[in-house]
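One-letter residues, chain by chain:
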Amino acid sequence: MELSVHPIDTIVYMQDALSAARSRLSLHRDRFRSTTARIRRRLARESRYRRRQLNWAIKISAPDDETAARWGDTAFAEDLADALRGQGQAARVVFFGAEPSAAEEDDVVLVLRGLHDIGPVPGAVNFLWIISHPDGVGDSEATRGWDQVFVASNTWRGIEGIEVTPLLQAVSTRRFTREPERDDISEDVVFVGTSRRVERPVVRDAIAAGARLGVYGHDWDDFIDPSFVRADHLDFESVPGAYRGSRIVLNDHWSDMRDHGFISNRLFDATAVGARVISDQVPGADEIFGGLVRTYGSVEDLRRLLSDDDAWPSVEEREAIVERVRADHSFDARAEVLTSAAMRAVRARRRVRR
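Residues numbered from 1 in each chain as written. Predicted model: local features only at pLDDT ≥ 70, side-chain atom pairs only at ≥ 80, totals over all residues. Heavy atoms only, no water.

Enquirer: How do you make sense of the pairing of strand β4 (residues 125-130) when you look at a structure like this?
Expert: Counted residue by residue, β4 has six buried out of six residues, so it is predominantly covered. A two-sided burial pattern is seen for β4, the buried positions comprising V125, F127 and W129 on one face and N126, L128 and I130 on the other. Note that strand β3 (residues 108-113) and β4 share six bridges and pair parallel. Each residue of the ladder has a partner; that of V111, found in β4, is L128. In terms of strand pairing, β4 meets strand β5 (residues 148-151) through four bridges, oriented parallel. Note on β5: the bridge partner recorded for I130 is V151. (Buried < 20%, exposed > 50% of the residue type's maximum accessible area, 1.4 Å probe, protein only. Helix = DSSP H or I, 4+ residues; strand = E, 2+ residues; numbered from the N terminus. Pairing = 2+ DSSP bridges.)

Now the structure itself:
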């Protein structure tokens, strides 16, 4: 008995076969495209390596929303990105919580450790630069496979078994210029910063010492008389003028930064424009800033510094300090160190692959 195949069954069979063939073709096409894209990325990366022009992603703790403009991390990262571009690199700033984009093109991921723990990215050269809150950095975070760990202190060695490289904070000499401008803010004593929702000792002590103080920042209502607050925000572009135009700039540190020698970037910013600064005591400040940063230990010390113009460097000494800060502690200088470290890491990885 012969078996007959209904024409409809034949059509269905042929349609199924055609569909399967199309699926296989689509799969092969997708694999081909994926392989081609991977080869192109690898060739582009090799070309960047040869030209010493890498793609950098600078990851920070500032959130990916409108409040990021008020974070010091944002200004720090943007100034560093600008300096890296000056070294021939391509750099972008990645905010905390931002959707990943162009991650496969990143040759170097630089995490600026602030409030949040941000991990390394597989396949990239990964650097961790601890610029603040060192007490919040655990051993497990620091041992995740970073190519190099930098710390913004010459004295802190707080990570068990991990070699760290001192790399202090810095100043943008492009933003913090020395030449006075017509709209510079003129205060006798100025403090630029938020309350952090705590009583900041240098502000409290300055008021107790009778300073003619102007404060620029928000969340001060619960801590000082509103008459001291000039504005609840000062944009980054106006900060250099506030430091240039004021007789004295005040500074302080988070307690863990002060104790471990993490020198505030405000000291670099203010001294780079020639400002006199009064700060809480932090290891290493005297060696870097000479007499242009004076530290105090009591309200009486602060009162004396506020009133004694002879306690500060002469014009010639001041100029020498300013030039040294601008030459040795600019973001350009930091970018040069980071770029050299990245190229060393790239060369080491290529040797291993061979």
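Enquirer: Is there a simple way to think about the pairing of strand β2 (residues 90-96) in this case?
Expert: Taken together, the six bridges between strand β1 (residues 55-63) and β2 define a ladder with parallel strand orientation. Looking across to β2, one finds that I58 is bridged to V93. Note that the unit made of β1, helix α2 (residues 72-86) and β2 has a crossover that is right-handed. (Right-handed = clockwise from strand over helix to strand, strands pointing away.)

Enquirer: So what exactly am I meant to see when it comes to the sheet that holds strand β9 (residues 229-231) here?
Expert: Within a sheet, adjacent strands bond to each other through the backbone by hydrogen bonds, running parallel or antiparallel. Spatially, six strands are ordered β9-β8-β7-β10-β11-β12 in an open sheet, and the strand pairing comes out parallel. Of all the strands in the sheet, the pair left with one neighbour each is β9 and β12 (293-295). Taken pair by pair, the neighbouring strands of this sheet meet at an average axis angle of 30 degrees, ignoring direction. Direction of pairing for strand β7 (residues 189-192) relative to strand β10 (residues 248-251): parallel, over a ladder of two bridges. Residue pairing for β10: V190 is matched across the bridge by V249. (Axes fitted to C-alpha atoms, helices over the stretch in contact; angles between N-to-C directions.)

Enquirer: Can you walk me through the packing of aromatic side chains in this structure?
Expert: For any pair of aromatic rings, the description consists of the separation of the ring centres together with the inter-plane angle of the planes. Tallied over the entire structure, the rule returns eight aromatic pairs. Ring centres 5.4 Å apart and planes at 65 degrees place the aromatic pair F76 and W129 in the edge-to-face group. You can see F76 sitting in helix α2 and its partner W129 sitting in strand β4, a full 53 residues away along the chain. Like F76, the residue W129 is buried in the burial classification. Between F268 and F289, the ring centres sit 5.1 Å apart and the planes meet at 65 degrees, which makes this aromatic pair edge-to-face. Taken as a pair, F268 in helix α7 (residues 265-272) and F289 in helix α8 (residues 285-289) lie far apart in primary sequence, 21 residues in all. By the burial criterion, F268 is buried, and F289 matches it. The structure contains a cluster of three or more aromatic residues connected by ring pairs, namely W56, F127 and F150. (Phe/Tyr/Trp six-rings, centres within 6.5 Å; stacked < 30°, edge-to-face > 60°.)

Enquirer: Which parts of the structure should I look at to understand the nonpolar core?
Expert: The nonpolar side chains of a soluble globular protein tend to be buried with one another. Residues W56, L112, F127 and W129 are the most contacted members of the largest nonpolar core, which totals 50 residues. Of all the elements in the fold, those that place two or more residues in this core are β1, α2, β2, β3, β4, β5 and α11 (331-353). Residue contributions to this core peak at eight residues, all from α11. L112 has contacts with I58, K59, I60, S61, F76, A77, L80, W129 and I131, leaving out every residue within four places of it along the chain. Of all hydrophobic cores here, the second largest spans 29 residues; its members include I185, L234, V282 and F289. (Core = buried A, V, L, I, M, F, W, Y, C linked by side-chain atoms within 4.5 Å. Contact = heavy atoms within 4.5 Å.)

Enquirer: Got a minute to help me understand helix α4 (residues 201-208) in this structure?
Expert: Because an α-helix completes one turn every 3.6 residues, residues spaced three or four positions apart along the sequence face the same direction. By the burial criterion, the buried members of α4 are V202, V203, D205 and A206. One side of α4 holds all its buried residues, which, seen down the axis, span an arc of 165 degrees. Those residues of α4 that are buried are in contact with β7, β8 (213-216), β10, β11 (276-279) and α9 (299-307). Note on α4: the residue one or two positions beyond its end, G210, has a positive phi of about 85 degrees. (Arc of directions from axis to C-beta.)

Enquirer: Would you take a moment to explain a positive patch on the surface for this structure?
Expert: On the surface, a cluster of positive charge is contributed by R52, R344, R347 and R351. Tracing the backbone shows R344 in helix α11. (Patch = residues over 30% accessible without salt bridge, like charges linked within 9 Å, V, L, I, M, F, W, Y side chains within 5 Å. Areas by Shrake-Rupley, 256 points an atom, 1.4 Å probe, with all protein chains shown as cover. Salt bridge = Lys/Arg side-chain N within 4 Å of Asp/Glu carboxyl O. Lys, Arg positive; Asp, Glu negative; His and termini not counted. Charge placed at Lys NZ, Arg CZ, Asp CG, Glu CD.)

Enquirer: Could you clarify how one ought to interpret the sheet that holds β5 in this entry?
Expert: Strand order across the open sheet formed by six strands is β2-β1-β3-β4-β5-β6, with parallel pairing between neighbours. What marks the edges here is a single partner per strand, and that holds for β2 and β6 (164-166). Ignoring which end each strand starts from, the neighbouring axes of this sheet average 25 degrees apart.

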